[in-house]
Amino acid sequence: MNLEIFSLKGKVAIVTGAGRGIGKAIALGMADAGADLAIAARTTDQVETTAGEIRKKGCQAIAITADVRFKDQVEKMVADTVRHFGRIDILVNNAGGMFAVPTMEMSENQWNVTISENLTSVFFCSQAVGKIMMTQKSGAIVNIASIVGIVAQPLNAAYAASKAGVINLTKTMATDLAAYNIRVNGIAPGLIVTPGTEWLYEDPKGAISEIPLARGGTPEDIAGGVIYLASDASRYVTGETIVIDGGLITKTPMKQPSVSS
Ligand SMILES: NC(=O)c1ccc[n+]([C@@H]2O[C@H](COP(=O)([O-])OP(=O)(O)OC[C@H]3O[C@@H](n4cnc5c(N)ncnc54)[C@H](OP(=O)(O)O)[C@@H]3O)[C@@H](O)[C@H]2O)c1
C-alpha cells in the first residue's frame, strides 16, 4: 500500500480554535503531514504562536483573528484564506466551548451562546468554505463533536444538544455535498486533557477511573483521526463520526459479575 494517501502535502486547511488545546495539536499534526494552514481563533497572540510553530516545520501558515459565532467574521476568515492560498482543501471545525449549567436554571442567553458557539459556528464555516470547495469540486470537512453528542451528560443539556446537532449536520451536509466530491466527517472525543479540562483529572477516583484505557486522552490522540479523515486515506468515508475516547462510552456502567473458577 502506498502510504502517500495519508499525506496532506500540497493541501490548504483552515483549523478553527487552533490557538490552544485540541485545535492546536490538530494544526501542528496536519503541518507534520504536509499541509499549509490558516489558523483561526479570537485570541490573536495564540493564533500567531501556532502559526509561527507551523512555519518552523517548513509549512506556510497565516494567523486569523475571528469569532466563528459571527457570519461576517467567518466570511472574512474564508476570504483571507483564499486571497492568501488561492484555495481551501480542508476545513476543521474545532472551535467550541462548554458552559455547564443545570438545565432547569439555564437562561435563554446561556442556551443561545452555547448553541451559537458549538453548532451555528459549524454551519457558518461549513457553508462559507463549502461554497469554495463546490467550485473546486473537491474538499474534506472534519467537525469536532463530542461523545456527549451521543450519550447524555447530566447538567450539560445545551452543550450535549449542540454536539448531537453537529453529528447530524455532519451526516446531512455529507449527503448534500457528496455530488461535489466533498466529504464531511467528524470526530467525537472523550475526555481529552487540555488547558480547559485539567480540573477533571485531579481526582484519581473521578473521570479517569471510568476509562478502559485508563488515562485521559491527549490532543494528539485526536489529531491522528483528523489527519485520516482529511486525507485521501479516507476517500470512501463520508457522513461518519469516529469516537476517540479510550473506550469510555463502549463500556457498560453495570457492575461486572464475579468470575467463578
Ligand atoms: N477537551 C475535551 O475533553 C473535549 C471533549 C470533547 C469535545 N471537545 C471539543 O473539542 C474542541 C476543542 O476543545 P479544547 O478542549 O481544545 O478547548 P480549549 O482548550 O478551550 O480551546 C478552544 C479553542 O477554540 C477557540 N474558540 C473558542 N470559541 C471560539 C469562537 N467563538 N471563535 C473562534 N475560536 C473560538 C479558543 O480560542 P479563543 O478563546 O481565543 O477564541 C481555543 O483556541 C471543542 O469543540 C470542544 O467542544 C473537547
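Residues numbered from 1 in each chain as written. Predicted model: local features only at pLDDT ≥ 70, side-chain atom pairs only at ≥ 80, totals over all residues. Heavy atoms only, no water.

Colleague: Help me understand the site of the ligand, please; the structure alone is not making it clear to me.
Modeller: The full set close to the ligand counts 27 residues, and Arg42, Thr43, Asn94, Glu117 and Tyr159 are the nearest of them. Contact distances for the ligand include 3.3 Å between an oxygen atom and a backbone N or O atom of glycine 17. At a separation of 2.9 Å, an oxygen atom of the ligand approaches a polar backbone atom of isoleucine 192. In isolation the ligand has 880 Å² of accessible area, and contact with the protein removes 92% of it. (Near = heavy atom within 4 Å. Polar contact = N/O pair within 3.5 Å; in protein donor to acceptor, adjacent residues only side chain to side chain. Areas by Shrake-Rupley, 256 points an atom, 1.4 Å probe, with all protein chains shown as cover.)

Colleague: For this particular structure, what's the right way to read the pattern of salt bridges?
Modeller: Two side chains with opposite charge may pair up if their charged atoms get near one another. Applying the stated rule across the entire model yields 10 salt bridges. With a closest N to O distance of 2.8 Å, lysine 76 and aspartate 80 form a salt bridge. Of the two residues, lysine 76 and aspartate 80 are both situated in helix 3 (residues 71-85); the distance of four residues between them amounts to about one turn of the helix. On the accessibility criterion, lysine 76 (52% relative accessible area) is exposed. A residue is classified by how much of its surface remains accessible, and aspartate 80, at 17% relative accessible area, is buried. A salt bridge links arginine 83 to aspartate 80, with the shortest nitrogen-to-oxygen separation between them at 2.9 Å. Taken together, the positions of arginine 83 and aspartate 80, both in helix 3 and three residues apart, correspond to about one turn of that helix. Residue class for arginine 83 comes out exposed when judged on its relative accessible area of 63%. (Salt bridge = Lys/Arg side-chain N within 4 Å of Asp/Glu carboxyl O. Helix = DSSP H or I, 4+ residues; strand = E, 2+ residues; numbered from the N terminus. Buried < 20%, exposed > 50% of the residue type's maximum accessible area, 1.4 Å probe, protein only.)

Colleague: Would you mind showing me how to read the packing of aromatic side chains here?
Modeller: Two aromatic rings, taken as a pair, are described by how far apart their centres are and by the angle between their planes. This structure, assessed with the given rule, holds one aromatic pair. Consider the rings of phenylalanine 123 and phenylalanine 124, whose centres lie 5.8 Å apart with planes at 40°: the pair is tilted. Overall, the relative accessible area of 16% leaves phenylalanine 124 in the buried class. (Phe/Tyr/Trp six-rings, centres within 6.5 Å; stacked < 30°, edge-to-face > 60°.)

Colleague: So what exactly am I meant to see when it comes to unusual backbone geometry here?
Modeller: Most peptide bonds take the trans configuration, and most residues that are not glycine carry a negative phi. Non-glycine residue leucine 155 carries a positive phi angle of around 65°. One can find leucine 155 in the loop between strand 5 (139-144) and helix 5 (157-177). Positive phi outside glycine occurs at asparagine 181, with the angle close to 65°. Its place among the elements puts asparagine 181 in the loop between helix 5 and strand 6 (182-189).

Colleague: How do you make sense of the nonpolar core when you look at a structure like this?
Modeller: One recurring pattern in soluble globular proteins is that nonpolar side chains are buried together. Core analysis: the biggest nonpolar cluster contains 34 residues, and Ile26, Met30, Leu37, Ile54, Val92, Ile222 and Val226 have the highest contact counts within it. Listed in part, the 31 residues of the second largest apolar core include Ile14, Ile141, Leu169 and Met173. (Core = buried A, V, L, I, M, F, W, Y, C linked by side-chain atoms within 4.5 Å.)

Colleague: What is the right way to read the packing of helix 4 (residues 108-136) against helix 5 from this model?
Modeller: How two helices sit against one another is set out by the angle between their axes and by the gap between those axes. Where helix 4 meets helix 5, the axes come as close as 8 Å, and the angle between the chain directions of the two elements is 15°. When the axis of helix 4 is compared with that of helix 5, the two are roughly parallel. With respect to the hand of their crossing, helix 4 and helix 5 are arranged in right-handed fashion. Note on element contacts: helix 5 touches helix 4 through Ala157, Ala158, Tyr159, Ala161, Ser162, Lys163, Gly165, Val166, Leu169, Met173 and Leu177, opposite Trp111, Thr114, Ile115, Asn118, Leu119, Val122, Phe123, Ser126, Gln127 and Met134. Considering only residue class, the contact of helix 4 with helix 5 consists of 14 nonpolar, six polar and one charged. (Axes fitted to C-alpha atoms, helices over the stretch in contact; angles between N-to-C directions. Parallel < 35°, antiparallel > 145°, perpendicular 65-115°, else oblique. Left-handed = near helix turned anticlockwise from the far one by under 90°. Contact = heavy atoms within 4.5 Å. Nonpolar A, V, L, I, M, F, W, Y, C, P; charged D, E, K, R; others polar.)

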